[in-house]
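# Report on the structure
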Amino acid sequence: MHSVGKSWLLLAGFVVFYVIYLLFGALVFSSIERPVEEQLRHDMERLKEEFLNQSCVNAASLELFLNKVLAANKYGVSVLRNSSGRSNWDLASSMFFANTLVTTVGYGHPTPLSDAGKAFSIVYALMGVPFTMLVLTACVQRVMHPLVLAPVSLLQRSGLKPRPATIVHFLLLLIVVVLCFFVAPAAVFSVVEVSWTFLDGIYFCFISLCTIGLGDFVPAARPGQPYRVLYQVAVMVYLFLGLMMMYLLLRTFHKMADLHGLTTLLQLPRCEDSVLDDDMEPIVGNDPTPPRLKDKEASKPLDLGSQPSYNSINKG
């Protein structure tokens, strides 16, 4: 099999294993946290009944009741009747939590209730965060040529000089990312989430794709959300693709800054030549035994300028 085909196959295997890792985390989190959540719901119902049965409510009992209600609400358990039907730790919700954990978005709603869940979160994130970064890096390397190197070469062939070509390409890429991963999703969120405005959707997209994850806006948290499982899966796919495009945008800007001398001016580290030359090579699946060259070809020096990367673009 061709080395490029092998690399695509291995990348697909990485993505599949990433999904399996999320499912594994979802099963463990659900099995650990759901019984604890059910017990907390039962305790809150009993506390509510005891409070309502009191003939005379004093300030101390009211304060105690409110403290317990607020503590339970922190873990996603509410005393309201319309919020008590669905679990925060079913399979889909647990997978959504696992996804926000390994992508470092971390909305904080819900959070593990038990000590076992907290301990598993540490171990799960310890392995999941680097693996997620590896998968994202591999995906970005795969889309560098069709989305960065090829368009820049096309702009140069159309008559633009190298530096203006990189600026035009970066601005076009920025517009596409803003439209496809901020404006369009924000419009969808403002329709699906009844209480969200368009600005709330833009705010949520920015907070999520910058991995800030304040948690003041969480999708699929509304009681009675239609198609909740499908909605959560769609948000997980959006987060993965959005983070990948943000990483691609940052790498493109870094390379453009190298070409224009901004990194040298600001005394920032440059993209290493080896990293730049490897943009056409996937992070997985490189063939360690390249085909043998003919004697005449092997005796010729390598032409570094023949590789279609940012290194081949003159700074002049």
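Residues numbered from 1 in each chain as written. Predicted model: local features only at pLDDT ≥ 70, side-chain atom pairs only at ≥ 80, totals over all residues. Heavy atoms only, no water.

Quick look at the overall build of the protein chain now. Scanning the protein chain for helices and strands turns up ten helices and zero strands. The helix and strand sequence of the protein chain, counted from the amino end, reads α-α-α-α-α-α-α-α-α-α. In the protein chain, which comprises 316 residues, the share counted as buried stands at 40%. If you take every contact in the protein chain between residues at least 6 apart in sequence, the share linking residues at least 24 apart comes to 74%. For the protein chain, the exposed surface amounts to about 17900 Å²; the carbon and sulfur share of it is 68%. (Helix = DSSP H or I, 4+ residues; strand = E, 2+ residues; numbered from the N terminus. Buried < 20%, exposed > 50% of the residue type's maximum accessible area, 1.4 Å probe, protein only. Contact = heavy atoms within 4.5 Å. Areas by Shrake-Rupley, 256 points an atom, 1.4 Å probe, with all protein chains shown as cover.)

Mapping alanine 125 onto the fold places it in helix α4 (residues 115–157). Each C-alpha atom, one on alanine 125 and one on valine 102, is 5.5 Å from the other, the two residues being 23 residues apart in sequence. For alanine 125, the contacting residues outside a window of four places in its chain are Leu101 and Pro130.

Right, let's get into a nonpolar patch on the surface. A contiguous nonpolar patch, built from Leu160, Ile167, Val168, Leu171, Leu172, Leu174, Ile175, Val178, Leu179, Val183 and Phe198 and spanning about 840 Å² of accessible area, is present on the exposed surface. When residues of the nonpolar patch are assigned to their parent elements, the largest contribution, nine residues, is made by helix α5 (residues 162–192). Here leucine 179 lies in helix α5. (Patch = residues over 30% accessible without salt bridge, like charges linked within 9 Å, V, L, I, M, F, W, Y side chains within 5 Å. Salt bridge = Lys/Arg side-chain N within 4 Å of Asp/Glu carboxyl O.)

To continue, consider α5. The end-to-end C-alpha distance of α5, which contains 31 residues, comes to 44 Å, matching closely the 45 Å that a straight helix rising 1.5 Å per residue would cover. Of all the bends in α5, the greatest, near 35°, is centred on leucine 179. Of all the residues in α5, the buried ones are Pro162, Ala165, Thr166, His169, Phe170, Leu173, Val177, Phe181, Phe182, Pro185, Ala186 and Phe189. (Expected span 1.5 Å × (residues − 1). Bend = angle between axes of the 7 residues up to and from the residue.)

Across the interface, helix α6 (residues 198–209) lies against helix α7 (residues 228–259) with an axial gap of 10 Å and an inter-helix angle of 65°. Here α6 lies roughly perpendicular to α7, going by the angle between them. Remark: the crossing between α6 and α7 carries right-handed chirality. In contact with Cys205, Ser208 and Leu209 of α6, α7 contributes Tyr238, Leu239, Gly242, Leu243 and Met246. (Axes fitted to C-alpha atoms, helices over the stretch in contact; angles between N-to-C directions. Parallel < 35°, antiparallel > 145°, perpendicular 65-115°, else oblique. Left-handed = near helix turned anticlockwise from the far one by under 90°.)

All right, on to the packing of aromatic side chains then. This structure, assessed with the given rule, holds 23 aromatic pairs. Ring centres of tyrosine 18 and phenylalanine 240 lie 5.5 Å apart, and the angle between their planes is 40°; this geometry places the pair in the tilted category. With tyrosine 18 in helix α1 (residues 3–52) and phenylalanine 240 in helix α7, this pair connects stretches of sequence that are 222 residues apart. Centroid distance phenylalanine 170 to phenylalanine 253: 5.5 Å. Interplanar angle 50°. Geometry classified as tilted. Taken together, the residues phenylalanine 170 in helix α5 and phenylalanine 253 in helix α7 connect sequence positions 83 residues apart. (Phe/Tyr/Trp six-rings, centres within 6.5 Å; stacked < 30°, edge-to-face > 60°.)

The subject of this paragraph is the packing of α1 against helix α3 (residues 91–102). In the contact formed by α1 and α3, the axes pass within 8 Å of each other and the chain directions differ by 120°. In terms of axis orientation, α1 runs oblique to α3. Crossing angle aside, the handedness with which α1 passes α3 is right-handed. Residues Tyr18, Val19, Tyr21, Leu22, Leu23, Ala26, Leu27, Phe29 and Ser30 of α1 lie in contact with α3, whose contacting residues are Leu91, Ser94, Met95, Phe97, Ala98, Asn99, Leu101 and Val102.

Core analysis: the largest hydrophobic core is formed by 53 residues, its most contacted members being Tyr124 and Phe189. Elements with a minimum of two residues in this core: α1, α3, α4, α5, α6 and α7. The biggest single contributor to this core is α7, with 13 residues. With eight residues, the next largest nonpolar core counts Leu47, Phe65, Val69 and Ala72 among its residues. (Core = buried A, V, L, I, M, F, W, Y, C linked by side-chain atoms within 4.5 Å.)

For the coordinates displayed, the defined rule picks out three salt bridges. Here arginine 46 makes a salt bridge to aspartate 43, at a shortest N to O gap of 3.4 Å. Of this pair, arginine 46 and aspartate 43 both sit in helix α1, three residues apart, which is roughly one turn of the helix. One salt bridge connects aspartate 90 with arginine 228, and the closest N-O pair in it is separated by 3.3 Å. In this pair, aspartate 90 is assigned in the loop between α2 (59–74) and α3 and arginine 228 in helix α7, connecting sequence segments 138 residues apart. Judged by its relative accessible area of 17%, aspartate 90 falls in the buried class.

The bulk of non-glycine residues show a negative phi, and the bulk of peptide bonds are trans. The amide bond that connects histidine 109 to the next residue, proline 110, takes the cis arrangement and shows omega of -5°. Structurally, the position occupied by proline 110 is in the loop between α3 and α4. Phi is positive for threonine 104, which is not a glycine, with a value near 65°. Mapping threonine 104 onto the fold places it in the loop between α3 and α4. Non-glycine residue tyrosine 227 carries a positive phi angle of around 50°.

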